[in-house]
Protein chains: 2
Amino acid sequence: MEQTYYKRKIYLEDKPRAEAREEILAAQQLPSETEYISATEALGRATAEPIFARVSMPHYHASAMDGIAVVAESTYQAHEQNPLQLKKGSQFCYVDTGNAIPSPFNAVIMIEHVDVIDDETIEIIEPATPWQHIRPIGEDIVQEEMLFPQGHVLRPADLGVLLAAQQTVIPIVKKPVVTIIPTGNELVEADSELASGNIIEFNGTVFANFIKEWGGEPKLHTIVKDEPEKIKEALLAASETSDIIVINAGSSAGRKDFTVHIIGEIGTVFTHGVAARPGKPVILGKINGKIVVGVPGYPVSAYLALEWFVRPLVCKYLGIPEPKRQTVTVKLGRRIVSSMGAEDFVRMNIGYVNGQFVANPLTRAAGVTMSYVRADGLLVVPPNIIGYEQGDFAEVELLRPLEEVRNSIVFSGSHDLTIDLLSSQLKRVHTDRKIVSSHVGSMAGIMAIRKGEAHVAGIHLLDPSTKQYNVSYVNKILAGQDVVLYPFLKRKQGWILPKGNPLEIETVADLVRGKANFVNRQKGAGTRILFDLLLSEEGLSSEDIIGYEREMFSHLAVAAEVKGDRYGAGLGIYPAAKAMDLDFIPVADEEYDLLMTRSFYESDNGRQLVELIQSPAFKEQVEKIGGYQVVENAEPKRLSEEVK
Amino acid sequence: MEQTYYKRKIYLEDKPRAEAREEILAAQQLPSETEYISATEALGRATAEPIFARVSMPHYHASAMDGIAVVAESTYQAHEQNPLQLKKGSQFCYVDTGNAIPSPFNAVIMIEHVDVIDDETIEIIEPATPWQHIRPIGEDIVQEEMLFPQGHVLRPADLGVLLAAQQTVIPIVKKPVVTIIPTGNELVEADSELASGNIIEFNGTVFANFIKEWGGEPKLHTIVKDEPEKIKEALLAASETSDIIVINAGSSAGRKDFTVHIIGEIGTVFTHGVAARPGKPVILGKINGKIVVGVPGYPVSAYLALEWFVRPLVCKYLGIPEPKRQTVTVKLGRRIVSSMGAEDFVRMNIGYVNGQFVANPLTRAAGVTMSYVRADGLLVVPPNIIGYEQGDFAEVELLRPLEEVRNSIVFSGSHDLTIDLLSSQLKRVHTDRKIVSSHVGSMAGIMAIRKGEAHVAGIHLLDPSTKQYNVSYVNKILAGQDVVLYPFLKRKQGWILPKGNPLEIETVADLVRGKANFVNRQKGAGTRILFDLLLSEEGLSSEDIIGYEREMFSHLAVAAEVKGDRYGAGLGIYPAAKAMDLDFIPVADEEYDLLMTRSFYESDNGRQLVELIQSPAFKEQVEKIGGYQVVENAEPKRLSEEVK
């Protein structure tokens, strides 16, 4: 490792995002190039010039009805008491909708109002007014009228108008070429055999597809090693062939983060660091007249920085306004702390519960891609405020359609693998339904129901005094609230152990004896409460357990940890051990119930969910996994009178 | 023409749209086909199966910082008063963000908190806690967790997650093939030399692009003649190679509309006619197990019918929910009448004026494509109500992004060609600004300002008594309102005549003498008021003028009419005559002013508009057209005290 970089301290700026953005937009090389393409291929493309009609539509006086064309003035005598006969050819002709009106005719009478006397003669009993049922020339489009200004993004019906006006080949703004350069010695392609320390390069594909969506033409460069000369070479080459350059990563201030120096050497650096989180360590510069954006390596920071700086460059090149996301006003389920002087972009889960949108922050770690993928919205905390209190209302930018958010079932509480199965099955039957789940543990699930932040919570909480599951907790915490405790599963909890159980663990005492590296669950998780009960029954304390403080948020995460450690051990459900090909020693049979608000239980969504759970097909699928038994013909558990 | 079809009366049904839709969805042939494609190519595609992670991310314990890895327990003694030295290799190792933590280390100390003593030794003054600054295995993605259910439409960041989880080739729902069959003897390709009666086939391209947007794979058939055998052949062939068939048109009940009989003959007809306008004459049936949708010929009817019936088939095939448009609550500027028992889809213009969204219906003629293209939204009037009163509030589905609607300058009043130029110039400078104009005439423009439905109105109204333009009308109609009358152009009005002026027209009396076919403007248009004044000055009446009742809504439309008629004549502005290569005999120099609400005049939009008008570049462009003079250094005209 190159120690020489150690001493070089780089201090990142905290430049306001808007200022940094204006600087690069002002420095962007324009005008854009124009290309001529067939109108039939122009969906989603931006016009480069105003486009005018070459012909009118209709381009002739056209009949708007099936009927006969007549000279209106010659029909003025027609009356119920005075039917008028007309001769074909000289006095009328048959026309269909869309036919040209031959001279000298100037009106159309609907076929329904015509009596056919013979092949040559018809009779009418009502006069026609001039120009009736005739679509005059240019009724729809008038020759020479402006159809679209420049910078118009063409939609399906727009293409029809272009063809109708005989604009078959049209001037379109060329897609700006955006070269994406992934850098890093640790990066490997997604289909590689993975070694410890390898990181799969996937940001480049994400960038390329964002740029495609925005209307640019991405070019994904191969992975470049963390060597200044190679990076310099790639940047210089890209500046010859691209309109915009994106380099990822090396934009921070670590010992290998020399990208900013390279850009400074072969071009100009405008900005290094903006007052926004995550995404702060961004580099904005220019090489050979082309704007270069250096985005941070952590995925969420990277996607935000791309949106802040690359999207406006693409849109300006295309001459179109930047899209804005739909927003919704939400009630905040938790306090949100933000740093003064910097914008904060907080990923949020949003649920529609009890007639209002309630939102909770997801993890703010910039490295957790799934938090971006699972987010329903982004809360942008402005630089001049230090956050929001729980219960405050705030405006959130939506990352999913509002309708989808409104239809989602918000699932909280304990994690169980069957919830994914339930979600997938529900979506199969009702494509517009979705279960959005957060794994927070049983206790937090009950709290989410109490605060009106979730529709359903999965809970499995053993009461040490009564040896009963769930009921006493619900009675105590939800006194005065109208909820339903619906029995869902009986499932096996047990030790999750490396294959072959090398430490021969069967009891909690064996963990201590074998000095196993235990992997625990977070506070409030049912599994942790079970573990603490096992400990106290054996007269042991948390101090006796190596790894007691190592907290995971799901059964699978526990199993994944055990998988990597010959001396590991965890407590969890059977299918998690099975999924990772680990050993499993049963410890307890527990009751995993679904706690629901009554309003949800009685809603369409609730009814559909219960129907699905009780369906033979679902039961069969669940029980095939092993370690599960779906409760048959379940009835809600009896709660105390205070909980209705 | 085939008289035989005359007697065959077909009565269309009025089936509720939802019922017709459910029928075809139930009859649709499923399951869909699955194909396996590279995750990097899967943007916008729907997953065919739930997708689970093949590896965790990280797949090893990774450093979250640049720094050193240590055994946490060995650092517990470190303190400011008791610095602890550690030896490289056995007691610590350097790690960068993302590096694997080698065994037996279990914590990372940030490089900023490390004092380098020499190449082999460092010193720390603070202990580390176990697992600090370490991203545990599966922090982001846990092996075997469900990443996406089936029916998930993949977004850019989703593709990153797939690669990170080593799901590089994924099961995707095949795009349903939708064959589009255009039929009609009158149809020609867009690049044809047009003859009277020819209609350019453009619906097929519009359908294809709608289907593309919805996720289907359109196949556009060549044009099929209106011959039962040929149509039958095309339908049968399509039923072998497609998942869905669209046929256009022949779905109505005219003498050439035999499509319904053909489908009945070779398949099943479920529906002929739905209780919705426009778009009523639709055919829904099935041939060889494939749903066939016969859509009407008029463009707007066709696009609506396609959305009602083809979109749900495509979405159901893909297993995704149908998209819903964002809606906005608007105040209705006009009364809207609807038929009882049928839904009405009314195209609307929406403007954001004085802090509220105000909407007005566009033409309801199903043949006017531009009304769909120009619409900002769709008002759906349910079957059980007969419409809305002016001033009612209603929910409108948006056809353009809300932000774009909110930023638009709503222009009303008289049509002038320079307004298009202004719109295009404004958009060039401010890509998110747009002028949305409706050509309603000067008087209607003043009324639009009075009712708060427009920001600006172009007016040119000559007061016969004072011989002054505009001021007296504004004073009278807008008493008590705060408006600005801004002088914009002086322009030439005159006779628009066929090349060579065959009837030698110079005065209004010449129209009568030469028996010209006059083309008039609509009531309230400034040009019509001028014409009426010319008539009365000559002692003539409207009865003396052939075509007085033939009303066009723009100068270009008048010119287009004159263009097609050797004995035609119209009154209008010079550039309209020039655009159509017609003769022009000047009659009057008139003042075309911009009437604005004061709040608009003083807004950003207003300021930018006036700046643009006064820019030398704009003046030059306008005056280059000919017949115009932009008013230099204009100041608002003086209005009466009552109009502030």
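In case you missed it, the structure is sitting above this.
Read on for an overview of the structure. (Residues numbered from 1 in each chain as written. Chains lettered and ligands numbered in written order. Predicted model: local features only at pLDDT ≥ 70, side-chain atom pairs only at ≥ 80, totals over all residues. Heavy atoms only, no water.)

### Section: the environment of B:His133
Residue and element names in this part refer to chain B. Relative to the helices and strands, His 133 resides in the loop between strand E9 (121-124) and strand E10 (134-135). Between the C-alpha atoms of His 133 and Glu 49, which are 84 residues apart in sequence, the distance is 36 Å. Apart from the residues lying within four places of it in its own chain, the contact partners of His 133 are Ala 62, Ser 63, Ala 64, Met 65, Val 108 and Met 110. (Helix = DSSP H or I, 4+ residues; strand = E, 2+ residues; numbered from the N terminus. Contact = heavy atoms within 4.5 Å.)

### Structural notes on the pairing of strand E9 (residues 121-124) of chain A
All names here are of chain A. Of the two faces of E9, the one lined by Thr 121 and Glu 123 and the one lined by Ile 122 and Ile 124 are each fully buried. Pairing between strand E5 (residues 84-87) and E9: four bridges, direction antiparallel. Counted as the bridge partner of Leu 84 is Ile 124 from E9. Summarising the sheet, strand E8 (residues 115-118) and E9 pair through three bridges and their orientation is antiparallel. By the bridge assignment, Asp 118 is partnered in E9 with Thr 121. Between E8 and E9, which pair antiparallel one after the other, the connecting turn spans two residues. (Buried < 20%, exposed > 50% of the residue type's maximum accessible area, 1.4 Å probe, protein only. Pairing = 2+ DSSP bridges.)

### Focus on the packing of helix H3 (residues 203-214) of chain A against helix H6 (residues 299-318) of chain A
All names here are of chain A. The interhelical angle for the contact between H3 and H6, taken along N-to-C directions, is 30°, at an axis separation of 10 Å. Considered as vectors, H3 and H6 are oriented roughly parallel to each other. Note on packing geometry: the crossing formed by H3 with H6 is right-handed. Across the interface between the two elements, Asn 203, Val 206, Phe 207, Phe 210, Ile 211 and Trp 214 from H3 touch Pro 299, Ala 302, Tyr 303, Leu 306, Glu 307, Val 310, Arg 311, Val 314 and Leu 318 from H6. Classifying every residue of the contact of H3 with H6 by side-chain character gives twelve nonpolar, one polar and two charged. (Axes fitted to C-alpha atoms, helices over the stretch in contact; angles between N-to-C directions. Parallel < 35°, antiparallel > 145°, perpendicular 65-115°, else oblique. Left-handed = near helix turned anticlockwise from the far one by under 90°. Nonpolar A, V, L, I, M, F, W, Y, C, P; charged D, E, K, R; others polar.)

### A few points about the relation of the copies chain A and chain B
Aligned on chain B, chain A shows an RMSD of 0.1 Å; the corresponding rotation is 180° and the shift along the axis is 0.0 Å. What the superposition gives is, in effect, a two-fold axis relating one chain to the other. Distance from the rotation axis, computed per C-alpha, reaches its smallest value in chain A at A:Gln326: 4.2 Å. (Least-squares fit on C-alpha atoms with pLDDT ≥ 70 in both.)

### Section: the side chain of A:His455
All names here are of chain A. Looking at the secondary structure, you find His 455 in the loop between helix H10 (442-450) and strand E31 (456-459). Within polar-contact distance, the side chain of His 455 engages the backbone nitrogen of Val 410 at 2.8 Å. Non-local contacts of His 455, meaning those with residues more than four positions away in its chain, are made with Tyr 352, Val 353, Ser 408, Ile 409, Val 410, Ile 449, Leu 595, Met 596, Thr 597 and Phe 600. (Polar contact = N/O pair within 3.5 Å; in protein donor to acceptor, adjacent residues only side chain to side chain.)

### Some remarks on the sheet that holds E8(A)
Residue and element names in this part refer to chain A. With antiparallel pairing, three strands are arranged side by side in an open sheet as E5-E9-E8. Edge positions in the sheet fall to E5 and E8, since each of these pairs with one other strand and no more. The sheet shows a mean angle of 30° between the axes of neighbouring strands, taken without regard to direction.

### Topic: unusual backbone geometry
That bond from B:Leu30 to B:Pro31 is cis: its omega, 5°, falls within 30 degrees of zero. That bond from B:Arg277 to B:Pro278 is cis: its omega, -15°, falls within 30 degrees of zero. For A:Glu504, which is not a glycine, the phi torsion comes out positive at approximately 55°. Tracing the chain through its elements places A:Glu504 in the loop between strand E32 (483-497) and helix H12 (508-513).

### So, the environment of A:Thr507
Residue and element names in this part refer to chain A. Take Thr 507: it is sitting in the loop between E32 and H12. Distance from Thr 507 to Ile 37, taken between C-alpha atoms, is 73 Å for residues 470 residues apart in sequence. Only 3.3 Å separates the side chain of Thr 507 from the backbone nitrogen of Ala 509, close enough to count as a polar contact.

### Concerning H6(A)
Residues and elements named next belong to chain A. In this model H6 runs 26 Å from its N-terminal to its C-terminal C-alpha over 20 residues, within 8% of the 28 Å that 1.5 Å per residue would give. Maximum bend of H6: about 35°, positioned at Glu 307. Within H6, 19 of the 20 residues are buried, leaving the element largely enclosed by the surrounding structure. Positive phi appears at Gly 319, one or two residues downstream of H6, with a value of about 75°. (Expected span 1.5 Å × (residues − 1). Bend = angle between axes of the 7 residues up to and from the residue.)

### Here we look at helix H2 (residues 156-164) of chain B
Residues and elements named next belong to chain B. Taken across its nine residues, H2 has nine buried, putting it largely inside the fold. Turning to H2, its buried residues are Pro 156, Ala 157, Asp 158, Leu 159, Gly 160, Val 161, Leu 162, Leu 163 and Ala 164. The positive-phi residue at the C-terminal boundary of H2 is Gln 166, with phi of around 60°.

### Quick word on the interface of chain A and chain B
Every contact between the two is made by 112 residues of chain A and, on the other side, 110 residues of chain B. Contact between chain A and chain B buries roughly 9,200 Å² in total, counting both sides, with carbon and sulfur atoms accounting for 60%. Sorting the residues of chain A by area buried against chain B places A:Gln150, A:Pro156 and A:Met370 first, and these three jointly supply 6% of that buried surface. Among the ionic pairs, B:Lys324 bridges to A:Glu403, the shortest N-O distance being 3.8 Å. (Buried area = accessible area lost by both parts, 1.4 Å probe. Salt bridge = Lys/Arg side-chain N within 4 Å of Asp/Glu carboxyl O.)

### A closer look at the packing of aromatic side chains
The description of two aromatic rings rests on the distance between their centres and on the angle between their planes. Residues and elements named next belong to chain A. Tallied over the full model, the rule gives 30 aromatic pairs over all chains. Ring geometry for Trp 308 and Phe 345: centres 4.8 Å apart, planes at 50°, overall tilted. Of this pair, Trp 308 sits in helix H6 while Phe 345 sits in strand E24 (residues 343-353), and the two are 37 residues apart along the sequence. Each member of the pair, Trp 308 together with Phe 345, is buried. Each ring, one from Tyr 486 and one from Tyr 601, has its centre 6.3 Å from the other, and the planes form 45°; the classification is tilted. Of this pair, Tyr 486 sits in strand E32 while Tyr 601 sits in helix H16 (residues 598-601), and the two are 115 residues apart along the sequence. Accessibility expressed as a relative area gives 1% for Tyr 486, which makes it buried. Linked through ring pairs, Phe 207, Phe 210, Trp 214, Tyr 303 and Tyr 372 together constitute an aromatic cluster. Sitting over the face of the ring of Tyr 352, Arg 406 holds its NZ or CZ atom 5.1 Å from the ring centroid. (Phe/Tyr/Trp six-rings, centres within 6.5 Å; stacked < 30°, edge-to-face > 60°. Lys NZ or Arg CZ within 6 Å of the ring centre and 35° of its normal.)

### Description of the environment of A:Ile231
All names here are of chain A. With respect to the helices and strands, Ile 231 occurs in helix H4 (residues 228-241). Considered as a pair, Ile 231 and Val 206 are 25 residues apart in the sequence and their alpha carbons are 21 Å apart. Excluding residues within four positions of it along the chain, Ile 231 makes contact with Thr 183, Val 224, Lys 225, Asp 226, Ile 247, Phe 258 and Ile 262.

### Considerations on the side chain of B:Arg311
Residues and elements named next belong to chain B. One can find Arg 311 in helix H6 (residues 299-318). At a separation of 2.9 Å, a polar atom in the side chain of Arg 311 contacts the side chain of Glu 322. Every residue in contact with Arg 311, bar those within four places of it in the chain, is listed here: Trp 214, Leu 306, Glu 322 and Pro 323.

### With respect to the pattern of salt bridges
For the coordinates displayed, the defined rule picks out 88 salt bridges over all chains. Between B:Glu229 and B:Lys232 there is a salt bridge; the shortest N-O distance is 3.4 Å. Residue B:Glu229 and its partner B:Lys232 are both found in helix H4 (residues 228-241); the two are separated by three residues, about one turn of the helix. A residue is classified by how much of its surface remains accessible, and B:Glu229, at 52% relative accessible area, is exposed. The class for B:Lys232 is buried, based on a relative accessible area of 15%. We note a salt bridge from B:Arg325 to B:Glu307, for which the minimum N-O separation is 2.5 Å. Separated by 18 residues along the polypeptide, B:Arg325 in the loop between H6 and strand E22 (327-332) and B:Glu307 in helix H6 bring together distant segments of the chain. What makes B:Glu307 buried here is its relative accessible area of 9%. A cluster of three or more residues bridged by salt bridges with shared partners is formed by A:Arg21, A:Glu22, A:Arg311 and A:Glu322.

Honestly, that's just the spatial picture; any functional story needs more than this.
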